[in-house]
Amino acid sequence: MAHQKAYDSFKTKKSVEKKKRAKEKSGKVNSDLGDFVIDDAPSFGTVIAVRYGDAYVLYDNEVLIASIRPDLNMVCNKVLFPGDRVTIQIENGKTIIQNRLARKTLLSRVKRDGTRLDDSVGLTKNIAANIDIAVIVVAAKEPPLHERFIDRYLMILQSSNIDAIVCLNKCDMATDESKRLDIYREIGLSVIETSAKEGIGITQLKDCIKNKQAIFVGNSGVGKSSLINAIMEQDEIKTSSVSGKTHKGCHTTTASKYYIWDENSSIIDTPGIRSLDISSFSPIEIQDYFPEFDDWKRLCKFNDCLHFNEPYEACFVKQGVQSNMISRKRYDSYARIIGDMLNKPYTE
Ligand code: GDP
Ligand code: ZN
């Protein structure tokens with residue numbers, strides 16, 4: 001069993017390296033996108049869902065099915081994600097995507113494909129583009145509130161440079177959970193309290209996401225759909241709902257929703273965002289979301305160093321923190337996640 005594992009990760013590593021080398025040889029590492037990406041355009045549509053070869057583009061209050069101009073020879077689902085902005089042209093009755101605007105942010109999840117600690121086996125799965133703000137939703141009661149969920153969402157969002165706020169929903173149920181969120185208030189995060197059921201705090205929530213492209217993340221059952229519904233009920237301009245068959249066949253369906261609740265304010269809800277599954281992280285992947293550790297962790301004595309209970313002399317991440325080259329706050333947040341996962345206290 002152990003041998004099998006080692007073999008699998010070795011294979012993965014080799015094939016990733018081989019691909020990398022092939023790309024380098026063909027000089028395509030950075031020029032893959034040719035002239036597809038442009039800085040700005042006078043008018044553009046927003047991608048709200050992507051299938052293999054085409055994308056649903058919301059343009060002028062209409063949802064169009066579009067494909068990328070053929071000379072680029074690109075598959076939609078490799079280069080476009082919900083939230084991307086694109087310019088389009090109608091040619092012979094077909095909607096053609098001409099260009100994609102440069103992205104402000106790209107939300108991605110690093111997925112490890114091997115069992116060993118090795119940077120080259122991390123695969124990135126992109127989820128959505130141009131997200132301005134994420135609302136991390138937790139519930140005052142049911143499902144129970146755990147700081148580690150918030151920490152992990154924050155970690156993914158921070159690594160993609162996306163602002164976040166915390167929303168404590170179901171505040172119609174009297175509990176003490178609000179106090180537990182003081183640690184987030186202290187680090188400068190906005191914490192708002194809502195009840196989708198009773199319409200409490202919805203105006204305040206809207207103020208936070210106005211003129212932004214937002215996503216709602218949080219465990220199932222916390223009330224994300226109810227909150228989005230509460231926002232839409234107050235100011236409904238348009239809900240674009242997309243449901244289509246994937247390229248692979250009729251058994252899987254793609255269901256992405258894009259809500260516009262005010263002229264420049266939207267909410268993206270895609271299965272990818274829904275399944276931004278934080279429960280499956282392993283301790284060793286957490287450091288992928290702290291890129292500022294990269295230059296230091298390479299020097300650590302053990303190549304599976306968790307920068308946690310390893311001796312100070314053997315861990316360069318800890319030394320980086322000590323010499324103020326890595327933020328203490330960020331490291332503390334990291335150590336809290338690891339400690340929680342290992343169920344062990346942190347000892348310096
Ligand atoms: P999602 O999985 O995060 O989208 O959660 P839902 O919006 O589907 O809500 C899960 C359950 O919580 C449903 O039974 C809702 O009726 C309930 N719920 C949502 N918001 C509230 C709230 O503010 N107060 C209470 N008491 N229940 C709520
Ligand atoms: Zn270390």
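Residues numbered from 1 in each chain as written. Chains lettered and ligands numbered in written order. Predicted model: local features only at pLDDT ≥ 70, side-chain atom pairs only at ≥ 80, totals over all residues. Heavy atoms only, no water.

1. Some points on the coordination of the zinc ion (ligand 2)
Turning to step 1, where the next piece is worked out: Coordination of the zinc ion (ligand 2) by the protein comes from C300 (SG), C305 (SG), H307 (ND1) and C315 (SG), over a distance range of 2.0 to 2.4 Å.
Turning to step 2, where the next piece is worked out: For the zinc ion (ligand 2), the 4 donor atoms are set out with angles of 101 to 116° between them, so the coordination reads as tetrahedral.
Turning to step 3, where the next piece is worked out: Mapping the donors of the zinc ion (ligand 2) onto the primary sequence gives the spacing C-x4-C-x1-H-x7-C. In this pair, the class of C300 matches that of C305, namely buried. (Donors = N, O, S within 2.8 Å, 3.2 Å for Na, K, Ca; no water. Tetrahedral: all angles 85-135°; square planar, octahedral: opposite > 155°, others 65-115°. Buried < 20%, exposed > 50% of the residue type's maximum accessible area, 1.4 Å probe, protein only.)

2. Details of the pairing of strand β9 (residues 133-139)
Turning to step 1, where the next piece is worked out: In terms of burial, β9 is a largely internal element, 7 of the 7 residues being buried.
Turning to step 2, where the next piece is worked out: Residues I133, V135, V137 and A139 of β9 are buried on one face, and the alternating residues A134, I136 and V138, pointing to the opposite face, are buried as well.
Turning to step 3, where the next piece is worked out: Here β9 runs beside strand β10 (residues 163-169); their pairing, made up of 7 bridges, is parallel. Residue pairing across strands places A139 opposite N169, the latter belonging to β10.
Turning to step 4, where the next piece is worked out: A crossover connection joins β9 to the parallel β10 through helix α3 (residues 147-159); in handedness this β-α-β unit is right-handed. (Helix = DSSP H or I, 4+ residues; strand = E, 2+ residues; numbered from the N terminus. Pairing = 2+ DSSP bridges. Right-handed = clockwise from strand over helix to strand, strands pointing away.)

3. Some remarks on the pattern of salt bridges
Turning to step 1, where the next piece is worked out: Inspection of every chain in the model, using the stated rule, returns 15 salt bridges.
Turning to step 2, where the next piece is worked out: Measuring nitrogen to oxygen at the nearest pair gives 3.0 Å for the salt bridge that ties E147 to R180. In this pair, E147 is assigned in helix α3 and R180 in helix α4 (residues 177-180), connecting sequence segments 33 residues apart.
Turning to step 3, where the next piece is worked out: With a relative accessible area of 23%, E147 lands in the partly exposed category.
Turning to step 4, where the next piece is worked out: Judged by relative accessible area, which is 30%, R180 ranks as partly exposed.
Turning to step 5, where the next piece is worked out: Of the charged contacts in the structure, one is a salt bridge between R180 and E177, with a shortest N-O distance of 3.1 Å. Here the residue R180 and the residue E177 both occupy positions in helix α4, the gap between them amounting to 3 residues, near one helical turn.
Turning to step 6, where the next piece is worked out: According to the relative accessible area criterion, E177 is buried, its value standing at 15%. (Salt bridge = Lys/Arg side-chain N within 4 Å of Asp/Glu carboxyl O.)

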